[in-house]
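Architecture at a glance
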Amino acid sequence: FQCSLTPTGANVKPHPEGDRIMHLCQSEGNKSAGLTWNYPFAKSGIVNMRIMTEVDFSGVHVTLSESFLKPSNKQGGLFHLNIGADGRLSAQYANGGPYIPLEMAKVISPTTWIDIEFKWDCETGITLVHINGELAGSISQLEEGRGISYVRLYVSELGGGLWVKKMESKAFLT
């Protein structure tokens, strides 16, 4: 997949399993690591990602948006999910508000590949989040939007990184 990257901390690297894949890791003081990926605009659809966190993972913010978001910050976007350093998932339900745990989500273990699915519908204002095929919870849309065409991954803290093996999208025709 092609995407916009921060100048530091986002690189295609060889993974121990042999593939060359995206690695995000904040390692230079106050600089962040991030990527923004663009896919065809749709009112509703699915984004799938396969990721793996490292030991000492520092957390990642995942944002779905209808317009381009800088990979170097966590502002903006229609849906916000946080995967914490402890592997717990939480979502933001109001711009600038706190992140609230997704109660049905299991804790993500480091060094294990997981599949995350975001099934969004901007008409209803809801995104369903699935981890390895199991419903983890729902996220409410933070502001009015017509659809989604970007996903951003943003790491802002020092610590272990995040491997991204796959990103794909599918639009639902309405």
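Preceding this paragraph is the structure being described.
Reference entry: report on the structure contained in this document. (Residues numbered from 1 in each chain as written. Predicted model: local features only at pLDDT ≥ 70, side-chain atom pairs only at ≥ 80, totals over all residues. Heavy atoms only, no water.)

1. Considerations on the pairing of strand β12 (residues 134–140)
Strand direction decides the pairing type here: strand β11 (residues 126–131) and β12, joined by six bridges, are antiparallel. Residue pairing for β12: Ile131 is matched across the bridge by Glu134. With antiparallel pairing between neighbouring strands as the criterion, β11 and β12 make up a hairpin whose turn holds two residues, including Asn132 at a positive phi of roughly 50 degrees. (Pairing = 2+ DSSP bridges. Helix = DSSP H or I, 4+ residues; strand = E, 2+ residues; numbered from the N terminus.)

2. Points about the pattern of salt bridges
Taken as a whole and assessed by the stated rule, the structure comprises six salt bridges. Notably, a salt bridge pairs Arg146 with Glu66, separated by 4.0 Å at the nearest N-O pair. One end of the pair, Arg146, is in the loop between β12 and β13 (148–155); the other, Glu66, is in the loop between β6 (60–65) and β7 (79–83), and 80 residues separate them in sequence. On the accessibility criterion, Arg146 (60% relative accessible area) is exposed. With relative accessibility at 26%, the residue Glu66 sits in the partly exposed group. (Salt bridge = Lys/Arg side-chain N within 4 Å of Asp/Glu carboxyl O. Buried < 20%, exposed > 50% of the residue type's maximum accessible area, 1.4 Å probe, protein only.)

The analysis is restricted to geometry; functional conclusions fall outside its scope.
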